[in-house]
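Working through the structure, step by step
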Amino acid sequence: SCITVDSTLNDMNTATNLVKEQPVDGQELLRLACRALPTTTSGSQRRLAYFLPRNTNGLMVAQSAHSVAGLKALEFEQQYLCSKLKTITIYA
């Protein structure tokens, strides 16, 4: 599905400029992504996929997701190529 931006365009432009000018850590990126997600009619947030390198500490991501975005359930998926771990995708 497509994310539409409405009256928060000014906030999103500020966030985009911030990303272009200086690096953003993982917690800030997660917070911005969750803020950009539209909510469903029941009030719950839509699904989020977080594509990360293989050396990512899953416990740290889970703690960040809980503290920054209030996410309680995460699904970790590991992608292997030729029996070697290449990337991790985390779904919230």
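Residues numbered from 1 in each chain as written. Predicted model: local features only at pLDDT ≥ 70, side-chain atom pairs only at ≥ 80, totals over all residues. Heavy atoms only, no water.

Concerning unusual backbone geometry
- Phi angles above zero are rare outside glycine, and Cys82 is one such case at about 55 degrees.
- Position of Cys82 among the secondary structure elements: in the loop between strand S2 (75-81) and strand S3 (84-91).
- Its relative accessible area of 71% is what places Cys82 among the exposed residues.
- Backbone geometry places Ser83, a non-glycine residue, at a positive phi of 65 degrees. (Helix = DSSP H or I, 4+ residues; strand = E, 2+ residues; numbered from the N terminus. Buried < 20%, exposed > 50% of the residue type's maximum accessible area, 1.4 Å probe, protein only.)

Here's the deal with the pattern of salt bridges
- For the structure shown, the criterion picks out one salt bridge.
- Between Arg31 and Glu28 there is a salt bridge, with the nearest N and O atoms lying 2.6 Å from each other. In this pair, Arg31 and Glu28 are both assigned in helix H2 (residues 26-36), three residues apart and thus about one turn of the helix distant.
- Accessibility expressed as a relative area gives 23% for Glu28, which makes it partly exposed. (Salt bridge = Lys/Arg side-chain N within 4 Å of Asp/Glu carboxyl O.)

Concerning the nonpolar core
- Counting twelve residues, the largest nonpolar core is built from Leu30, Cys34, Leu37, Leu48, Tyr50, Leu52, Val61, Ala65, Leu71, Ile88, Ile90 and Ala92.
- Contributions of two or more residues to this core are made by H2, strand S1 (49-53), helix H3 (58-69) and S3.
- Apart from residues lying up to four places away in sequence, Leu52 is in contact with Val61, Thr87, Ile88 and Ile90. (Core = buried A, V, L, I, M, F, W, Y, C linked by side-chain atoms within 4.5 Å. Contact = heavy atoms within 4.5 Å.)

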